[in-house]
Amino acid sequence: VVNTDLEYAITPQFTSAESFSEGLACVKVNYTWGKLSGKWGFINRKGEFVIKPAFDTADSFHEGVAVVSKEHKYWYIRKNGRALFGESIGIFCFHESFDYAEPFSEGRAFARIKGEWVIVHKNRNKVLIIENHIEHTPFRNGIAFVCKLVDGKELWGAYDRKDDVIIPFKYDKI
């Protein structure tokens, strides 16, 4: 990290580093070239670890939450390193982890748990199961476009932030 005078603001010491987001940057330490090694953690602008390196992968913070993984399991964590979810929501128990997770956008995120794609609500501790999911876009301007398998065809529709279908699943492309 360099300052506006092109001087090191943080002494180079990390194998890899992402840009600062919401005051923290994810950095990788102890990587060995050609091997699956090293762990990701988060530093502040002084270069101090706020969340110690413990993760196989880590994404930058968005909306106060980052996606991290360890041994192919994913979690959402807060800036204090604690899991965002630690309780059961419906049939899912979030302290068990996700099979895959994507960053939050407009308070919603797409994740896969127990083989099912879901829309996760950050503040209401709720999920919407998306049956026959094929692909999706993140929420933008209150809408997420989703492609589902409907009667053997891949069709697009859209959900709003209330989990209502606002564009029916009947379009080849959107």
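Numbering of residues begins from 1 in every chain and follows the order in which that chain's sequence is written. Per-residue local features are limited, in this predicted model, to residues with pLDDT of at least 70; the limit for side-chain atom pairs, both in listing and counting, is 80 or more; totals at the level of whole chains, interfaces and linings are taken over all residues. Working from all heavy atoms in the structure, the side-chain values ignore hydrogens and water.

> Even after reading the chapter, I still don't get the overall build of the protein chain, so can you show me in this structure?
Each helix is a run of H or I in the DSSP string that is no shorter than four residues. Each strand is a run of E no shorter than two, and both are numbered from the N terminus. Looking only at helices and strands, one finds 0 helices and 17 strands in the protein chain. The cut-offs for exposure are 20% and 50% of the maximum accessible area for each residue type, with area from a 1.4 Å probe on protein chains only; residues under the lower value are buried, those over the upper are exposed, and the others partly exposed. Residues counted as buried form 42% of the 174 residues belonging to the protein chain. When checking whether two residues touch, look at their non-hydrogen atoms; a contact exists if any pair is within 4.5 Å. Long-range pairs, those at least 24 residues apart, make up 28% of the contacts in the protein chain between residues at least 6 apart in sequence. Working definition of accessibility: Shrake-Rupley area with a 1.4 Å probe, residue cover restricted to the visible protein chains. On the protein chain, roughly 10200 Å² of surface is accessible, and the fraction owed to carbon and sulfur atoms is 49%.

> Can you walk me through the sheet that holds strand S13 (residues 126–130) in this structure?
Neighbouring strands of a sheet are bound in pairs by backbone hydrogen bonds; such pairs are parallel or else antiparallel. We treat two strands as partners when DSSP finds at least two bridges between them. Read from one edge to the other, the open sheet built from 4 strands follows the order S10-S11-S12-S13, with strand pairing classed as antiparallel. If you trace the sheet from one side to the other, it starts and ends with strand S10 (100–101) and S13, each paired once. One ladder, built from 2 bridges, connects S10 with strand S11 (residues 108–113); its direction is antiparallel. The residue of S11 that forms the bridge with Tyr100 is Arg112.

> How should I be thinking about the packing of aromatic side chains in this particular structure?
Pairs of aromatic rings are described using the distance from one ring centre to the other and the angle between the two planes. Each aromatic pair joins two rings of Phe, Tyr and Trp (for Trp, the six-membered one) with centres within 6.5 Å, and gets the label stacked for planes under 30 degrees apart, edge-to-face for over 60, and tilted for any other angle. Under the definition given, this model contains 8 aromatic pairs. An angle of 80 degrees between the planes, with centres 5.3 Å apart, marks the rings of Tyr76 and Phe98 as edge-to-face. Residue Tyr76 is located in strand S7 (residues 73–77), and its partner Phe98 is located in the loop between strand S9 (92–93) and S10; the two are separated by 22 residues in the primary sequence. Residue Tyr76 is classed as buried on the basis of its relative accessible area, which comes to 2%. On the accessibility criterion, Phe98 (2% relative accessible area) is buried. Between Tyr100 and Trp117, the aromatic rings sit 6.1 Å apart at their centres with planes inclined by 65 degrees, giving edge-to-face as the arrangement. Here the residue Tyr100 occupies a position in strand S10, and Trp117 occupies one in strand S12 (residues 116–121), the gap between them amounting to 17 residues. A relative accessible area of 14% means that Trp117 is categorised as buried. Counted as over-ring charges are cases with an Arg CZ or a Lys NZ within 6 Å of the ring centre that also lie within 35 degrees of the ring normal. Above the plane of the ring of Phe20 lies Arg45, whose end atom (NZ or CZ) is 4.5 Å from the centre. Cation over ring: Lys122 sits above Phe104, and NZ or CZ is 5.9 Å from the ring centre.

> Any chance you could explain the nonpolar core here in plain terms?
Soluble globular proteins: nonpolar side chains tend toward being buried together. Tyr76, Phe85, Phe98, Ala101, Phe104, Ala111 and Val120 are the most contacted members of the largest nonpolar core, which has 15 residues in total. Mapped onto this core, the elements with two or more residues apiece are S7, S11 and S12. The dominant element in this core, judged by the number of residues it contributes, is S11, at 3 residues. With sequence-adjacent residues up to four places away left out, Val120 is seen in contact with Phe85, Phe98, Phe104, Gly107, Arg108, Ala109, Ala111, Lys126 and Val127. Of all hydrophobic cores here, the second largest spans 11 residues; its members include Phe61, Ala66, Val68 and Ile77. Throughout, nonpolar core names a set of buried Ala, Val, Leu, Ile, Met, Phe, Trp, Tyr and Cys residues whose side chains join them through atoms within 4.5 Å.

> Whenever I open this one, the pattern of salt bridges confuses me. Can you help?
Oppositely charged side chains are able to pair whenever their charged atoms sit close together. Salt bridge criterion: a side-chain nitrogen from Lys or Arg within 4 Å of a carboxyl oxygen from Asp or Glu. With the rule as written, the count across this model stands at 4 salt bridges. Here Glu63 and Lys122 are joined by a salt bridge, their closest N and O atoms 3.6 Å apart. Of the two residues, Glu63 is situated in the loop between strand S5 (57–58) and strand S6 (66–70) and Lys122 in the loop between S12 and S13; the sequence distance between them amounts to 59 residues. For Glu63, a relative accessible area of 30% translates into the label partly exposed.

> What exactly am I supposed to notice about the side chain of Ser105 here?
Within the secondary structure, Ser105 sits in the loop between S10 and S11. Setting aside residues up to four positions removed in sequence, Ser105 forms contacts with Glu63, Pro138, Phe139 and Arg140.

These values are about where atoms sit, not about what they do.
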